[in-house]
There are 2 protein chains.
Amino acid sequence: MDIITINEYDINLGPLGGPMSRFLKSKAYSRLCIIADENTEALCLPRLEPLLEAYEWTTVVVPPGEQHKKLETCASIWKQMMDARIDRQSLLINLGGGVIGDMGGFCASTFKRGVDFVQVPTTLLSQVDASIGGKLGIDFAQVKNSIGLFCDPQAVFIDPAFLDTLPREELRSGFAEIIKHSLIADEEQWRTIRKIEALDAVDWPSLIGPSLSIKQDIVKEDPLEQGLRKALNFGHTIGHAIESFALNSAEPLLHGEAVAVGMVCEAFLSSRLLGLPAEDLETISHFLLRIYGHYPLEERHFDPLLQLMKNDKKNEGGKINFSLLPAPGSVKVNCTAEPSHIEDSLLYYKGLPGR
Amino acid sequence: MDIITINEYDINLGPLGGPMSRFLKSKAYSRLCIIADENTEALCLPRLEPLLEAYEWTTVVVPPGEQHKKLETCASIWKQMMDARIDRQSLLINLGGGVIGDMGGFCASTFKRGVDFVQVPTTLLSQVDASIGGKLGIDFAQVKNSIGLFCDPQAVFIDPAFLDTLPREELRSGFAEIIKHSLIADEEQWRTIRKIEALDAVDWPSLIGPSLSIKQDIVKEDPLEQGLRKALNFGHTIGHAIESFALNSAEPLLHGEAVAVGMVCEAFLSSRLLGLPAEDLETISHFLLRIYGHYPLEERHFDPLLQLMKNDKKNEGGKINFSLLPAPGSVKVNCTAEPSHIEDSLLYYKGLPGR
């Protein structure tokens, strides 16, 4: 059981029971409201319920999936919170993956101008990434996370036992952020990770701790993403565009699957613009294709993808903003790339050998 | 020209030109976006335009009125901001009354997780009340301001010249907050105000300064409404319910008109629960009826009004929360009243002689 304090809130890593009970006892909430999706209601809520016996609590359940991380779902959550008479002395518990954490946190921090919330991330992706750092929001007008705000939870509870409830592709999606953390900040860990041949043999809890630490160190330095925190965007400028694009296609991608494509393309940009050695580009690309396969990108997709990138929140003054790798284990923020370079990177990805 | 600094932002009282130009020059915004309604676009924007010549700017125009302060209008504003390529280096200028300030500020502070905004309030109500204090939001599920957050603007520009553009009932609505400020904090000002026989003779700029000061003093002490700031809620628990109720009736009320009804009812509660002298109750009631007339409240409205009060953000642990007057010029927060008392106060209002 580890406790790490970041900007006034604790991140508890380990079995949920003890720390959650202590947290609730230290506060005096009038009501609890659990936000879950249909999967976490069935698979994860039963582990939480015994801790809630002494409290008046209610659940708000939404359909699972990124396609429901939108304003209409927020309206439904807010309406159910209102019907359940949630007030400013209540606590929201977000039980689920990144969609539930981002959207539930956004709903909490805008309901009656702000209700306390805690994050209980149940996917690998949200355990190492989405639950840390106070970024909340929803997708809007086909642009990921374009409506939202920064607001810290009261606490985060990361229990690796929830990973047992996950399908394999969800674990693989979360793994992308672990890979990213190693690529931007920890060459040693990257050397270890790149040897992984198959996901079945991975001991996830042993990877979560170090990955969390990288993210926390960065977020502590720069909570509002004014500088250093942009390091975490490696793979995400192109990855977000791919994810938004795929969201409306017959073959939607999970976040990490899209970021894996983005990391290949942005590693290419890194080699072209920052001199990332060709050998490292090759190692990164081949490793990511081995784990994630080859997404069927086509040239007619390039224009809509560029349009999506132009609307990215990370841009400044109309330039598309990237965080790129001079070398594995280090990162340079505020790089810009011309549309022609970006197209080249998509072509590079397209031309890689499939599996 | 007065400048008052509150929690890191300036409130500029006086002609708009100089301070707005100095503010814009002190920053380096990539684009400006003016949020206006159809009225302020026609009547107020022409005064702002000369100051914007050196900038790339765009307007987002929404229909006027409280009935448009809702999620659907936010979606339209966000979409237009996105189409105009507003980014985190842009500035939003909210040009209008409380609806534009509250909703435009909410849209700004949630767009791409937060874009800077300034308030240029154009109504008396927003000049003395809504533009100060960082409360942002929209109405939802028939409950006023139930979705929103606290976020400070970069600056506020209060130019009494805009009051010339207002119809008489808008001035009268704003006057209610000036009356409230005197009743909760300045008995001297209340003695002056209560002598006002008709609105035509009032010198508004002379009332704005003192009224702003009362609000600022309170907000500075308690920005997140955890205690003292609740003083400003006098008249608003019942007033908000009346306003929400009237919003869906054939005869909607302006905010101040509803608060005037609320202040009469809550002065009655003050006399019943805190011993406000009968003579003061009578003076307050008669003055408010002289200025605002008699709203046709009916007994069949009482139940829906109580339901609306039970959903008020200000409640804690299921109790309906009031700020009441022990005497004119002083206020007690966190009072609660039983439904039967609240019904008596509505009956008292209903039984007052009409004009």
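Peer 1: Mind laying out the overall build of chain A, listing which residues take part and the relevant values?
Peer 2: Tallying secondary structure elements over chain A gives 14 helices and eleven strands in all. Residues counted as buried form 51% of the 355 residues belonging to chain A. Sequence separation of at least 24 residues holds for 75% of the intrachain contacts in chain A that already meet a minimum separation of 6.

Peer 1: Explain the relation of the copies chain B and chain A to me, using residue names and the numbers behind them.
Peer 2: With an RMSD of 0.0 Å, the operation that places chain B on chain A is a rotation of 180° combined with a shift of 0.0 Å along the axis. Taken together, the rotation angle and the small translation identify this as a two-fold axis. Scanning chain B for the C-alpha nearest the rotation axis identifies Leu 71 of chain B, at a separation of 4.3 Å. Both copies contact each other with a shared surface, as 100% of the interface residues of chain B are interface residues in chain A too.

Peer 1: Could you give an account of the interface of chain B and chain A, naming the residues involved and the relevant values?
Peer 2: With 32 residues of chain B at the contact, the number on the chain A side is 32 residues. Contributing elements (two or more residues each) for the side of chain B that touches chain A: α4 (71-83), α5 (98-110), β7 (135-140) and β8 (143-150) of chain B. Take the side of chain B that touches chain A: its biggest share by element is six residues, from β8 of chain B. Here the residues of the side of chain B that touches chain A sort into eleven nonpolar, twelve polar and nine charged.

Peer 1: Describe the nonpolar core, and please don't skip the residues or the numbers.
Peer 2: Formed by 200 residues in total, the largest nonpolar core has its most connected members in Ile 35, Leu 95 and Val 264 of chain A together with Ile 35, Leu 95 and Val 264 of chain B. If near-sequence neighbours (up to four positions away) are discounted, Val 264 of chain A is found in contact with Ile 284, Ser 285, Leu 288 and Tyr 349 of chain A.

Peer 1: Give me the domain arrangement of chain A: which residues, what numbers.
Peer 2: As a measure of interface size, the accessible area lost when the parts come together is often cited. Residues and elements named next belong to chain A. Here chain A is described as being made up of domain 1 (2-165) and domain 2 (168-351). Look at where the C-alpha atoms of domain 1 and domain 2 centre, and you get two points 26 Å apart. The partner domain 2 presents 29 residues to the 24 residues of domain 1 that form the contact. At the level of elements, β1 (2-6), α6 (124-130) and β8 (143-150) are the ones that each hand at least two residues to the side of domain 1 that touches domain 2.

Peer 1: Would you mind going over unusual backbone geometry in detail, with residue names and values included?
Peer 2: All names here are of chain A. Of note, the phi angle at Lys 112 is positive, near 50°, even though the residue is not glycine. Tracing the backbone shows Lys 112 in the loop between α5 (98-110) and β6 (116-121). Look at Gln 142: it is not a glycine, yet its phi comes out positive at around 70°. With respect to the helices and strands, the residue Gln 142 is situated in the loop between β7 (135-140) and β8.

Peer 1: Describe helix α12 (residues 278-292) of chain B, and please don't skip the residues or the numbers.
Peer 2: Because an α-helix packs 3.6 residues into every turn, residues spaced three or four apart end up facing the same way. Residues and elements named next belong to chain B. Spanning 15 residues, α12 covers 21 Å between terminal C-alpha atoms, matching the ideal 21 Å at 1.5 Å per step. Every buried residue of α12 is accounted for by Ile 284, Ser 285, Phe 287, Leu 288, Ile 291 and Tyr 292. Looking down the long axis of α12, one finds its buried residues gathered within 165° of arc, a one-sided arrangement. For α12, the exposed residues set more than 90 degrees away from the buried face come down to Ala 278 and Glu 279. Next to the buried residues of α12 lie α7 (168-185) and α11 (255-274).

Peer 1: Can you break down the packing of α4 of chain B against α5 of chain B residue by residue, with the values?
Peer 2: All names here are of chain B. Here α4 crosses α5 at 55°, and the two axes come no closer than 10 Å. Comparing the axis directions of α4 and α5 gives the class oblique. In this structure, the crossing between α4 and α5 has a hand that is right-handed. Together, Thr 73, Cys 74, Ile 77 and Trp 78 of α4 and Met 103, Phe 106 and Cys 107 of α5 make up the contact between the two elements. For the contact of α4 with α5, the per-class residue count stands at six nonpolar, one polar and no charged.

Peer 1: Give me the pairing of strand β6 (residues 116-121) of chain B: which residues, what numbers.
Peer 2: All names here are of chain B. Among the six residues that make up β6, five are buried, leaving the element largely enclosed by the rest of the structure. With six bridges connecting them, strand β5 (residues 91-96) and β6 associate as parallel partners. Its bridge partner being in β6, Asn 94 is matched across the sheet by Gln 119. Note that the unit made of β5, α5 and β6 has a crossover that is right-handed. Relative to strand β9 (residues 155-158), β6 runs parallel, the two sharing two bridges. If you follow Val 118 over to β9, its bridge partner there is Ala 155.

Definitions and cut-offs
- Residues numbered from 1 in each chain as written.
- Chains lettered and ligands numbered in written order.
- Predicted model: local features only at pLDDT ≥ 70, side-chain atom pairs only at ≥ 80, totals over all residues.
- Helix = DSSP H or I, 4+ residues; strand = E, 2+ residues; numbered from the N terminus.
- Buried ≥ 20, exposed ≤ 12 C-beta atoms within 10 Å, placed from the backbone.
- Contact = placed C-beta atoms within 7 Å.
- Least-squares fit on C-alpha atoms with pLDDT ≥ 70 in both.
- Nonpolar A, V, L, I, M, F, W, Y, C, P; charged D, E, K, R; others polar.
- Core = buried A, V, L, I, M, F, W, Y, C linked by C-beta atoms within 7 Å.
- Domains from an automatic or database assignment.
- Expected span 1.5 Å × (residues − 1).
- Arc of directions from axis to C-beta.
- Axes fitted to C-alpha atoms, helices over the stretch in contact; angles between N-to-C directions.
- Parallel < 35°, antiparallel > 145°, perpendicular 65-115°, else oblique.
- Left-handed = near helix turned anticlockwise from the far one by under 90°.
- Pairing = 2+ DSSP bridges.
- Right-handed = clockwise from strand over helix to strand, strands pointing away.

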